[in-house]
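Chain and residue survey
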Amino acid sequence: MNRNLLMKLAVSGFVLGLTTTGCSMNKMANAPSNTLGKPETAAKSADKARVALEAGKTSKGVALAEAAVSASPRDGSYRALLGQAYLNDGRFASASAALTEAMELGVKDNNTVLALTLANIAQGKTSDALALLNEYRDTLPASDTGLALALAGDLESAIYVLTEAARAEGASARTRQNLALAYALSGRWAQARILASQDLSLAKLEGRMAEWSKLAQEPSQPLRVASLIGAKAQADGGMPVRLALANFSDVQMAAAPEPVQLASADPAPVDAFAPPPVATEAAIRTVELPMPQRDANGVVPVTELPSPTAAPVIMAEAKPYRAEPGKRPFAEQARELAAKFVPQIAAFDAKKPSGWAVQLGAYDTLGIAKEKWGSLKKKNGQLATLPASSHAANVKGRTFYRLTVNGIRSQADAARLCGELRADGQQCFVRQMGGSESIQWAATAKPVRLASR
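Source: prediction; values computed, not measured. (Residues numbered from 1 in each chain as written. Predicted model: local features only at pLDDT ≥ 70, side-chain atom pairs only at ≥ 80, totals over all residues. Heavy atoms only, no water.)

Observations regarding the nonpolar core
Counting 69 residues, the largest nonpolar core has Tyr78, Leu82, Tyr86, Leu87, Leu133 and Trp212 as its most contacted members. Looking at this core element by element, the count peaks at eight residues for helix H8 (residues 110-122). Ranked by size, the runner-up nonpolar core spans 20 residues in total, among them Trp373, Leu383, Leu386 and Val405. (Core = buried A, V, L, I, M, F, W, Y, C linked by side-chain atoms within 4.5 Å. Buried < 20%, exposed > 50% of the residue type's maximum accessible area, 1.4 Å probe, protein only. Helix = DSSP H or I, 4+ residues; strand = E, 2+ residues; numbered from the N terminus.)

Looking at the sheet that holds strand S4 (residues 429-433)
Strand-to-strand pairing in sheets goes through backbone hydrogen bonds, with the strands running parallel or antiparallel. Read from one edge to the other, the open sheet built from five strands follows the order S4-S1-S3-S2-S5, with strand pairing classed as antiparallel. The open sheet has two free edges, formed respectively by S4 and strand S5 (439-443), since each of these has just one partner strand. The sheet shows a mean angle of 40° between the axes of neighbouring strands, direction not considered. Bridge count for strand S1 (residues 355-363) against strand S3 (residues 398-408) is six bridges, and the pairing is antiparallel. Of the residues in S3, the one forming a bridge with Trp356 is Ile408. Running at roughly 35° to S3, helix H17 (residues 366-379) makes contact with S1, strand S2 (388-395), S3 and S5 of the sheet. (Pairing = 2+ DSSP bridges. Axes fitted to C-alpha atoms, helices over the stretch in contact; angles between N-to-C directions. Contact = heavy atoms within 4.5 Å.)

A few points about the environment of Asp47
Here Asp47 is to be found in helix H4 (residues 39-54). Given a relative accessible area of 30%, Asp47 falls into the partly exposed group. Sequence-wise, Asp47 and Leu64 are 17 residues apart; in three dimensions their C-alpha atoms are separated by 8.7 Å.

Observations regarding H17
The end-to-end C-alpha distance of H17, which contains 14 residues, comes to 20 Å, matching closely the 20 Å that a straight helix rising 1.5 Å per residue would cover. Of the residues making up H17, those classed as buried are Ala369, Trp373 and Leu376. Take H17 and look down its axis: the buried residues cluster within an arc of 75°, on one side only. Turned more than 90 degrees away from the buried face of H17, the exposed residues are Glu371 and Lys378. Buried residues in H17 make contact with S1, S2, S3 and S5. (Expected span 1.5 Å × (residues − 1). Arc of directions from axis to C-beta.)

In structure tokens:
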């Protein structure tokens, strides 16, 4: 990918990492291989491959990377380089094969894991991509993990992870842009625009939003991944069979067995054979076996065998199962992240309303207020997570029915929500429920659900 296009997109850390593979893998690729092949030839081909990829010559880079793997087939770093070259060339099936074999050979750096994740997403292997992200979540940067989750379709988990990363001290502009893109892919364009504007000028903001809009409307996963990394998806029959790792086993061949000497075809002279010696009478010995003892009736008593002892029963420990120290289930971590940034909802009692609320409008009838709420919660998923209500208010002799979302714990949260709604074109203002309002209709909040793992 050329640098101008890369900086134009610049939405994820792993996009940058994948296109500058030569920097991160230079030491490994230059290291001589102690396995099969020609390490010096492989190293030269790998260096030329990285130069070609940096210059945007992906086809040439692929050919040179294939030459490196052919010269040193069991060097995992060259297979990782080949997989990333395939990825930049839009050959996702080949990329998946090469990167999987690289990981089998022990190359499990972040670039390789994320490149394989992208290749799986492009092929529609969402479960494989999510499994990789879950397995390496402790080492992968949160910014990259979040965007990969968004591309895999797990938008809620992506927003959870990226929001926590964006709130961390020293969070980068790239992390905020990844979060903005996750909002855009989930249809929350107002939040996406507000967040993206923190790091972009107005002119660049409009261009970025146009790119994201095109990306969100693209139904094809291969085209979506290809457009994000600046590649061109193409038909791919897979990595050449001659380069498959299965062709280059590291098991040493067993030494050939020594030849068996066959008997001579010429028979031995008859007088060479002597009959075996016959045992003499002195050499034959007899063994006296004891006769069984009989009782007075001439019956041989049966020997009583001891009764077998019962095998001890091993009881299960009463202590409940505990996970490995320092490791918690992924779902538990996700819920903890959700609790940190999802607006805290206070208990809302329709009989005695209290707390902070955001008024969305005032209407002539209660029916209009209900109908308006139905359309607003479909347009903005965050509103659906809050309890709504309507109560009558008399203003200058005229009765209006106010529509509010309630139970917001702090004034700051209410102001932030109202600001997001205004950015989306919805009029609103913050008010505090005093407890004297006569609630005539109320809707319960829709619980926040974490994406399934």
